[in-house]
Every structure is written in C-alpha cells, then in structure tokens.
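# Secondary and tertiary structure notes
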Amino acid sequence: MGEVEDSADGFPEQLRSYSENERHWQARREFILRNLPADWAGGRLDQLLSLSMVWANHLFLGCSYSKDLLDKVIEMAEGIEVEDVPQFTTRDEIMKKRQH
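What counts and how
- Residues numbered from 1 in each chain as written.
- Predicted model: local features only at pLDDT ≥ 70, side-chain atom pairs only at ≥ 80, totals over all residues.
- Heavy atoms only, no water.
- UniProt positions renumbered as here; feature names shortened; annotations may be inferred.
- Axes fitted to C-alpha atoms, helices over the stretch in contact; angles between N-to-C directions.
- Helix = DSSP H or I, 4+ residues; strand = E, 2+ residues; numbered from the N terminus.
- Parallel < 35°, antiparallel > 145°, perpendicular 65-115°, else oblique.
- Contact = heavy atoms within 4.5 Å.
- Nonpolar A, V, L, I, M, F, W, Y, C, P; charged D, E, K, R; others polar.

The name an unreviewed UniProt entry assigns to the protein is CDKN2A interacting protein N-terminal like, from the organism Pelusios castaneus. The UniProt entry for the protein carries the following text under Sequence similarities (unreviewed entry): "Belongs to the CARF family."

Structure below.
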C-alpha cells in the first residue's frame, strides 16, 4: 500500500470528520494514508475509513470492539506514533478491583 500526499482536490483532507480535532485527525490521516489501497476509488475506501474510525475511537475514546476487529486495526496502525494517548479502565477491570 503506497503513501499518497495531499492532492489539489483536497484528498485526504476531505475525509476529515467535522468534529475531529487536529490531533485525532492527524493520527487517523496517517492510518488512512498508510493503508490506502492502490484502487482507493473503489468501495474499499469506505471500509478503510470505517477501520480508521474504529482505531481512532478505540485509541482516543476507549471504545471497545471485538478482539478480531481490534487485532486487525492495531496491526494496520503498527508504527504510527501518537503522543499522550489516554489510558482507560474497562468496566471489567473496575469490577475486578472491587472484588479484591
């Protein structure tokens, strides 16, 4: 999968969510560009955008998804460095601490 730079038509900036802050967008943008298929104009772009949102939501908001899905997006994001990532405690971790 090749790197694609910003083009005159605003790609990939046109993929940024309205509510996405700069920090989140730069991380998700890198995820998209690193995993962009050569035939990105096809339906695979929609899947990539969905996977990028899963990764960003997990990373920045602590959202949880199935193990297989998380394994896939974490592998796709390998090598992307994001500073000051929030640390989240799951409900199961909280309940486990209360039992001890």
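Let us look at the packing of helix H2 (residues 44-61) against helix H3 (residues 67-76). Look at H2 against H3: their axes get within 10 Å of each other, and the N-to-C directions meet at 95°. When the interaxial angle is binned, H2 and H3 end up roughly perpendicular. Contacts between H2 and H3 pair Leu48, Leu51, Val54, Trp55 and His58 from the former with Leu69, Leu70, Lys72, Val73 and Met76 from the latter. Residue composition of the contact of H2 with H3, grouped by class: eight nonpolar, one polar and one charged.

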